[in-house]
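Read off the chains here:
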Amino acid sequence: MTVTLEVAEGVGTILLDRPPMNALDVATQDRLKELAEEATRREDVRAVVIYGGEKVFAAGADIKEMQNMDHTAMVLRARALQDSFTAVARIPKPVVAAVTGYALGGGCELALCADFRIAADNAKLGQPEILLGLIPGAGGTQRLARLVGPSKAKDLIFTGRMVKADEAERLGLVDRVVPAADVYTEARAWAAKLAQGPAIALRAAKESIDTGLETDIDTGLAVERNWFAGLFATADREIGMRSFVEEGPGKAKFL
């Protein structure tokens, strides 16, 4: 398998494994979608890490495969390509990307689907599609602009340049830079911490934020309001408030 899902202690690791560069061919894209949907369904998965291994996150699409595709073939494929990445973005649980080595093109777009990005100090990220006479097609023009703002996104997409980890952090493209040997450990620790949190409230927070970014503020506020009220029907809300009153803040043990 080019992508696997391993679960331990509430954390599911979606591991890309297509040496040497984890090129995201059609089969890998489809498998990624399957496992994102599985992680969404499984109750034993409470947080997710996306990881490409110690050497590379994902160096982009399989260019040799794409070179043989004409307009008709890509019209038929483009929606499935986007859907595979959207499945990751819509996992209703905290998702962190552990970025090592190259995260280019589709690899960068995959990292953008996470809620949080931890990068190795030797990582390089970018959207080089323009150098092929193309544009990002797996959500890059939309997610990158929402993350770093339109001007910075246009700089990266118009030039196709790669940025090192330190610049990526300054741009807001990654959230934390750590030594390469520590990337997965740090990502898993972040996920494991949130895996102990209130699952429904975390889902509500993620959906409220993401929906608000995609729509007008009144719609976003309505989503927030409905989730906020709905959480009063959950056991986690009872546990959290009871623990706060009886033991003080930050000591609740959620189901």
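Residues numbered from 1 in each chain as written. Predicted model: local features only at pLDDT ≥ 70, side-chain atom pairs only at ≥ 80, totals over all residues. Heavy atoms only, no water.

This paragraph deals with the overall build of the chain. In terms of regular secondary structure, the chain is built from 11 helices and nine strands. Against the compact-globule benchmark of 18 Å for 255 residues, the chain has a radius of gyration of 19 Å, which places it among compact chains. With the C-alpha coordinates aligned to their principal axes, the bounding extent of the chain is approximately 60 × 40 × 35 Å. A sequence separation of at least 24 residues applies to 69% of the contacts in the chain between residues at least 6 apart. Within the structure as shown, the chain displays about 13,400 Å² of accessible surface, and the carbon and sulfur contribution to it stands at 56%. Taken as two groups, the 31 positive and 36 negative side-chain charges of the chain have centres that lie 1 Å from each other. (Helix = DSSP H or I, 4+ residues; strand = E, 2+ residues; numbered from the N terminus. Rg over C-alpha atoms; globule rule 2.2 N^0.38 Å. Contact = heavy atoms within 4.5 Å. Areas by Shrake-Rupley, 256 points an atom, 1.4 Å probe, with all protein chains shown as cover. Lys, Arg positive; Asp, Glu negative; His and termini not counted. Charge placed at Lys NZ, Arg CZ, Asp CG, Glu CD.)

Between two packed helices, both the angle of their axes relative to each other and the distance between the axes serve to describe the pair. Running from N to C, helix α9 (residues 199-214) and helix α10 (residues 217-230) point in directions that differ by 170 degrees, and their axes come no closer than 8 Å. Relative to α10, α9 is oriented roughly antiparallel. Across from Ile-200, Arg-203, Ala-204, Glu-207, Ser-208, Thr-211 and Gly-212 in α9, the residues of α10 making contact are Gly-220, Val-223, Glu-224 and Trp-227. (Axes fitted to C-alpha atoms, helices over the stretch in contact; angles between N-to-C directions. Parallel < 35°, antiparallel > 145°, perpendicular 65-115°, else oblique.)

What follows covers the nonpolar core. Where a protein is soluble and globular, its nonpolar side chains tend to be buried together. In terms of nonpolar packing, the biggest core is built from 59 residues, with Phe-57, Val-99, Leu-125 and Leu-173 touching the most fellow members. Apart from the residues lying within four places of it in its own chain, the contact partners of Val-99 are Phe-57, Ala-111, Ile-118, Ala-119, Ala-120, Ala-123, Leu-125 and Val-183. (Core = buried A, V, L, I, M, F, W, Y, C linked by side-chain atoms within 4.5 Å. Buried < 20%, exposed > 50% of the residue type's maximum accessible area, 1.4 Å probe, protein only.)

Once that is clear, we can look at the pattern of salt bridges. Tallied over the full model, the rule gives 12 salt bridges. The residue Arg-161 makes a salt bridge to Asp-155 at a minimum N-O spacing of 2.8 Å. Relative accessible area serves as the criterion here: at 30%, Asp-155 is assigned to the partly exposed category. One salt bridge connects Glu-167 with Arg-161, and the closest N-O pair in it is separated by 2.7 Å. Since its relative accessible area comes to 27%, Arg-161 is described here as partly exposed. (Salt bridge = Lys/Arg side-chain N within 4 Å of Asp/Glu carboxyl O.)

Looking now at the side chain of Asp-236. Summarising the element assignment, Asp-236 is placed in helix α11 (residues 235-247). No salt bridge forms around the buried Asp-236; measuring N to O, its nearest opposite-charge neighbour Arg-46 is 5.2 Å away. Once residues lying within four places of it in the same chain are set aside, the contact partners of Asp-236 are Pro-198, Ala-199, Ile-200, Phe-254 and Leu-255.

Two strands pair when backbone bridges link them, and strand β1 (residues 3-8) and strand β2 (residues 11-16) are joined in this way by six bridges, in the antiparallel orientation. If you follow Leu-5 over to β2, its bridge partner there is Ile-14. (Pairing = 2+ DSSP bridges.)

Read from one edge to the other, the open sheet built from three strands follows the order β5-β7-β8, with strand pairing classed as mixed. Edge positions in the sheet fall to β5 (102-104) and β8 (162-164), since each has one partner strand and no second. Pairwise comparison of adjacent strand axes, ignoring direction, gives a mean angle of 20 degrees for this sheet. With three bridges connecting them, strand β7 (residues 124-126) and β8 associate as antiparallel partners. Paired with Leu-125 across the bridge in β8 is Val-163.

All buried positions along helix α6 (residues 150-159) are accounted for by Ala-153, Leu-156 and Ile-157. Viewed end-on, α6 has its buried residues packed into an arc of 90 degrees, placing them on one side of the element. Opposite the packed face of α6, turned more than 90 degrees from it, sit the exposed residues Ser-151 and Phe-158. Tucked into the core, α6 has its buried residues touching α5 (140-148), β8 and α7 (165-171). Trailing α6 by a residue or two, Gly-160 shows a phi angle of about 70 degrees, which is positive. (Arc of directions from axis to C-beta.)

Within the element layout of this structure, Val-88 appears in helix α3 (residues 71-89). Contacts of Val-88, omitting those with residues within four sequence positions, involve Leu-32, Ala-36, Ile-50, Leu-110 and Cys-113.

Right, let's talk about the packing of helix α1 (residues 26-41) against α3 for a bit. α3 packs onto α1 with a crossing angle of 40 degrees between their chain directions and a minimal axis gap of 8 Å. As for the relative orientation of α1 and α3, their crossing is left-handed in sense. For the pair α1 and α3, the contacting residues are Val-26, Gln-29, Asp-30, Leu-32, Lys-33, Ala-36 and Glu-37 in the first and Arg-77, Leu-81, Asp-83, Ser-84, Ala-87 and Val-88 in the second. Its residues placed into classes, the contact of α1 with α3 shows six nonpolar, two polar and five charged. (Left-handed = near helix turned anticlockwise from the far one by under 90°. Nonpolar A, V, L, I, M, F, W, Y, C, P; charged D, E, K, R; others polar.)

If you walk across this open sheet you meet the six strands as β1-β2-β3-β4-β6-β9, and the pairing is mixed. If you trace the sheet from one side to the other, it starts and ends with β1 and β9 (176-178), each paired once. Pairs of neighbouring strands in the sheet enclose a mean axial angle of 20 degrees, with direction left out of account. One ladder, built from four bridges, connects strand β3 (residues 47-51) with strand β4 (residues 95-99); its direction is parallel. Across the sheet, residue Ile-50 finds its bridge partner in β4, namely Ala-97.

Coordinates in, geometry out; function isn't part of it.
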